[in-house]
Amino acid sequence: MEDAAARITVKTPEQMKDLGLRLAGLLAPGDLVLLSGELGAGKTTLTRGLGEGLGVRGAVTSPTFVIARVHPSLVGGPALVHVDAYRLGGGLDEMEDLDLDVSLPESVVVVEWGEGKVEELSEARLQVVIHRAVGEAEPAVDDHDVREVTVTGVGPRWSGCDLSVALAG
């Protein structure tokens with residue numbers, strides 16, 4: 001079975017947040033989203049858009065120092081569990097204290113820096129990889145924030161989903 005995938009060019013932080021808003025429209029309780037990208041790539045900005053799109057309470061900020069934050073829904077939808085696994089060196093064993101397996105069925109769980117650490121939580125997930133679009137030449141002044149975002153749906157949950165149409169801006 002081939003994974004569903006889409007590639008989107010994002011030129012501003014506002015567009016990254018808007019991508020998160022559109023992505024939120026695809027998510028349901030039990031969904032796991034893994035965010036990858038270098039420091040400052042826009043993972044938390046994307047998650048802000050997800051939180052807004054899901055209608056959750058509280059400002060979505062980086063949970064680097066608290067590891068995880070739960071944002072309950074204000075509209076009767078799933079809570080957003082926002083995890084930053086950057087400081088966690090181990091795999092799923094180290095993350096067991098967070099009880100993500102308990103939170104996952106009724107929440108949308110978003111894990112920054114989760115690659116290689118939390119895939120075992122679910123047979124289906126969205127993998128979002130954010131790359132800075134840096135070419136050989138020095139980027140133009142207005143291109144310094146350009147990102148290439150690849151969203152890949154892995155597993156049966158995303159089979160047959162045309163992510164490029166769903167996420168088109």
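The coordinates are above.
Residues numbered from 1 in each chain as written. Predicted model: local features only at pLDDT ≥ 70, side-chain atom pairs only at ≥ 80, totals over all residues. Heavy atoms only, no water.

Caption draft 1: Quick peek at the overall build of the chain. Per the secondary structure count, the chain includes five helices and seven strands. In sequence order, the secondary structure elements of the chain are arranged as β-α-β-α-β-β-α-α-β-β-β-α. In the chain, which comprises 169 residues, the share counted as buried stands at 46%. A separation threshold of at least 6 residues defines the contact pool for the chain, and within that pool the share at least 24 residues apart is 67%. A total of about 8,500 Å² of accessible surface is found on the chain, and carbon and sulfur atoms cover 50% of it. (Helix = DSSP H or I, 4+ residues; strand = E, 2+ residues; numbered from the N terminus. Buried < 20%, exposed > 50% of the residue type's maximum accessible area, 1.4 Å probe, protein only. Contact = heavy atoms within 4.5 Å. Areas by Shrake-Rupley, 256 points an atom, 1.4 Å probe, with all protein chains shown as cover.)

Caption draft 2: Spatial organisation of the nonpolar core. Judged by nonpolar contacts, the single largest core of 30 residues is most densely connected at L23, V128, V151 and L163. Among the elements of the structure, β1 (4-10), α1 (13-24), β2 (32-37), α2 (43-54), β5 (107-112), β6 (125-132), β7 (147-154) and α5 (163-167) are those that each provide at least two residues to this core. With near-sequence residues (within four places) excluded, L23 lies in contact with L46, L50, L126, V128, V151 and L167. (Core = buried A, V, L, I, M, F, W, Y, C linked by side-chain atoms within 4.5 Å.)

Caption draft 3: Layout of the side chain of H71. Summarising the element assignment, H71 is placed in strand β3 (residues 68-71). Here R57 takes part through its backbone oxygen, which lies 3.0 Å from a polar atom of the side chain of H71. If we skip the residues at most four places from it in the chain, H71 touches V56, R57, G58, A59, V60, A79, L80 and H82. (Polar contact = N/O pair within 3.5 Å; in protein donor to acceptor, adjacent residues only side chain to side chain.)

Caption draft 4: Highlighting the pairing of β7. Counting buried residues along β7, seven of its eight residues qualify, which places the element largely inside the surrounding structure. The sheet contact formed by β1 and β7 spans seven bridges and is antiparallel. For V10, the partnering residue across the bridge sits in β7 and is R147. The sheet contact formed by β6 and β7 spans eight bridges and is antiparallel. (Pairing = 2+ DSSP bridges.)

Caption draft 5: How the structure looks around the packing of aromatic side chains. For the coordinates displayed, the defined rule picks out zero aromatic pairs. Seen from the ring of W158, R157 lies directly overhead, with NZ or CZ sitting 4.0 Å from the centre. (Phe/Tyr/Trp six-rings, centres within 6.5 Å; stacked < 30°, edge-to-face > 60°. Lys NZ or Arg CZ within 6 Å of the ring centre and 35° of its normal.)

Caption draft 6: Region of interest: α1. Between its first and last C-alpha atoms α1 spans 17 Å; for 12 residues at 1.5 Å apiece the expected length is 16 Å, and the two agree. Along α1, the positions that sit buried rather than exposed are M16, L19, G20, L23 and A24. Seen from one end, α1 has its buried residues packed into an arc of 140°, which puts them on one side. Residues of α1 that are buried sit in contact with β1, α2, β6, β7 and α5. (Expected span 1.5 Å × (residues − 1). Arc of directions from axis to C-beta.)

Caption draft 7: Region of the structure containing the pattern of salt bridges. In total, this model carries three salt bridges according to the counting rule given. Ionic pairing is found between D31 and R157, a salt bridge with its closest N-O pair at 2.8 Å. Placement of the pair is D31 in the loop between α1 and β2 and R157 in the loop between β7 and α5, with a sequence separation of 126 residues. Between R132 and E38 there is a salt bridge; the shortest N-O distance is 2.8 Å. Of the two residues, R132 is situated in strand β6 and E38 in the loop between β2 and α2; the sequence distance between them amounts to 94 residues. In this structure E38 comes out as partly exposed when scored by relative accessible area, which is 41%. (Salt bridge = Lys/Arg side-chain N within 4 Å of Asp/Glu carboxyl O.)

Caption draft 8: Up close: the pairing of β5. Judged by how many residues are buried, β5 sits mostly within the fold: six of six residues are covered. Residues S107, V109 and V111 point to one face of β5 and V108, V110 and E112 to the other, with burial holding for every one of them. As paired strands, strand β4 (residues 79-84) and β5 are joined by six bridges and run parallel to one another. The residue of β5 that forms the bridge with D84 is E112.

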